[in-house]
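Spelled out from the first residue to the last, the chains are:
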Amino acid sequence: MTEKREHIKIHETAFVTSTFRAFDESLSQDSFAKLWQNSKTEQWIKEYLDKVSSEETYTHCLRNRYFLDTIKNFIQNQEVEVLINFGSGFSMYPFLLNENLIHIEIDKPEIVDYKKDKIQKWQKENMLPNRNIHFIGVDFSKSYQEKLLSEIESIKGNKSTFILIEGVLFFLTRKETNDLFDFFNTIQKKGDYIGSASFQETIKKTKAFQNLLSFFNQKVSKTSQDDYQTIEDQYYESIHNYKLIDHQDYFSLSKKYKNTINQSKELILNENFYLLKRDK
Ligand SMILES: C[S@@+](CC[C@H](N)C(=O)[O-])C[C@H]1O[C@@H](n2cnc3c(N)ncnc32)[C@H](O)[C@@H]1O
């Protein structure tokens, strides 16, 4: 009971995301997400699925599956050599993708430090294969550009990149988001990709979002619907130097991967997934 009443911190959403992926491995294709499971998160998730939306396991599994398959495809076509994951949390792409890929994982310092320790421990115990991963601690609400640019440049050189930003923009302001996309523009070159996940404004009218808000208010901190950023298609359609080449959501991915939808639209937090290619 005491655990139940404890407030969670925003970064603990990273545990939640990974645990959802572990709940349906055949859908997410993430066989390592289960390493992050723990009893506190599981208790939290049980309540979340009950009070917010029971579809959340599958929305998270499909998000992982979409980006995983997309990146795999680019690697196969020799279009991507470095994966840069902004707000990487506890996602496990490095271990699900070809061993030759270089990974740059960026998140708040306490998250990357914790992840690095855990990964090294699991590698020593032969639970995870070795991979080329660089962890960088950054807070997107602070000034990070100059230092991060030189760190990324020294790792990637002139190599082709895929930038992933998923499960993060909801928690950022529009200015922080604009700054990030400007930064992506600085580090990428023609032919590089961005994969981004975000919600649209219409989500705020759903019962599922109202449920989410009251759940967060009770469990995380007092917030209003204006504290959560939504992004329209038009934003992605007008990013300088980039072309929107694919757009999916939970419903289209469910069709693609033959996932049965159990809830009505009202009770689903439908996330949108965008793929951008730098064309200049
Ligand atoms: C819901 S988790 C998603 C993690 C991962 N992208 C995934 O899909 O598994 C959100 C992540 O965004 C990170 N994040 C949120 N705000 C941030 C900020 N201002 N600076 C850096 N990271 C941030 C959190 O620490 C957390 O790891």
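Residues numbered from 1 in each chain as written. Predicted model: local features only at pLDDT ≥ 70, side-chain atom pairs only at ≥ 80, totals over all residues.

A. Spatial organisation of the sheet that holds strand 6 (residues 242-249). Here seven strands make up an open sheet; going across it, the order is 3-2-1-4-5-7-6 and the pairing mixed. Each of the sheet's edge strands pairs with one partner strand only, and the pair in question is strand 3 (132-137) and strand 6. Neighbour-to-neighbour, the strand axes of this sheet turn through a mean angle of 15°, independent of strand direction. Together, strand 1 (82-86), strand 4 (161-165), strand 5 (193-198), strand 6 and strand 7 (272-278) form the strand contacts of helix 5 (residues 56-76), whose direction differs from that of strand 5 by roughly 175°. Across the sheet, helix 7 (residues 109-124) touches strand 2 (102-107) and strand 3, and the angle it forms with strand 3 is around 150°. (Pairing = 2+ DSSP bridges. Helix = DSSP H or I, 4+ residues; strand = E, 2+ residues; numbered from the N terminus. Axes fitted to C-alpha atoms, helices over the stretch in contact; angles between N-to-C directions. Contact = placed C-beta atoms within 7 Å.)

B. Summary view of the nonpolar core. In this structure, Leu83, Phe86 and Ile163 are the most contacted members of the largest nonpolar core, which totals 57 residues. Ranked by residue count, the leading element in this core is helix 5, at six residues. Residues in contact with isoleucine 163, not counting those within four places in the same chain, are Ile84, Phe86, Phe184, Gln188 and Ile194. (Core = buried A, V, L, I, M, F, W, Y, C linked by C-beta atoms within 7 Å. Buried ≥ 20, exposed ≤ 12 C-beta atoms within 10 Å, placed from the backbone.)

C. Up close: the site of the ligand. The local shell around the ligand holds 20 residues, among which Gly87, Gly89, Ser91, Phe140 and Gly167 are the closest. Per element, the largest residue contribution to the shell around the ligand is four residues, and it comes from helix 2 (residues 13-23). Broken down by class, the residue content of the shell around the ligand amounts to six nonpolar, 10 polar and four charged. (Near = placed C-beta within 6 Å. Nonpolar A, V, L, I, M, F, W, Y, C, P; charged D, E, K, R; others polar.)

D. Molecular detail of the environment of leucine 275. Mapped onto the elements of the fold, leucine 275 is located in strand 7. Note: C-alpha distance between leucine 275 and serine 18 (257 residues apart in sequence) is 22 Å. Here leucine 275 is in contact with Thr70, Tyr193, Gly195, Ile245 and Asp246, once residues within four sequence places are set aside.

E. Highlighting the pairing of strand 2. Of the pairings in the sheet, the one linking strand 1 to strand 2 comprises five bridges and is parallel in character. Its bridge partner lying in strand 2, asparagine 85 is registered against glutamate 105. With six bridges joining them, strand 2 and strand 3 adopt parallel strand pairing. Bridging across to strand 3, isoleucine 102 finds its partner in asparagine 132.

F. Fine view of the pairing of strand 5. Counting buried positions over the six residues of strand 5 gives six, a clear majority of the element. Burial along strand 5 is two-sided: Tyr193, Gly195 and Ala197 and Ile194, Ser196 and Ser198, pointing in opposite directions, are all buried. Inspection of the sheet shows strand 4 paired to strand 5 by four bridges, in the parallel sense. Of the residues in strand 5, the one forming a bridge with isoleucine 163 is isoleucine 194. Handedness of the strand 4-helix 9 (residues 174-187)-strand 5 crossover: right-handed. (Right-handed = clockwise from strand over helix to strand, strands pointing away.)

G. The environment of glutamate 79, seen in detail. With respect to the secondary-structure elements, glutamate 79 resides in the loop between helix 5 and strand 1. When the C-alpha atoms of glutamate 79 and aspartate 192 are compared, they prove to be 7.8 Å apart, with 113 residues separating the residues in sequence. In contact with glutamate 79, not counting residues within four places along its chain, are Phe74, Ser160 and Gly191.

H. Highlighting the packing of helix 2 against helix 4 (residues 39-51). In contact at an axis separation of 10 Å, helix 2 and helix 4 are set at 75° when each is read in the N-to-C sense. Between helix 2 and helix 4, the angle falls in the class roughly perpendicular. Contact residues: Phe15, Val16 and Thr19 in helix 2; Thr41, Glu42, Trp44 and Ile45 in helix 4. Here the residues of the contact of helix 2 with helix 4 are counted per class, giving four nonpolar, two polar and one charged. (Parallel < 35°, antiparallel > 145°, perpendicular 65-115°, else oblique.)

The quantities given are spatial measurements derived from coordinates; they are silent on function.
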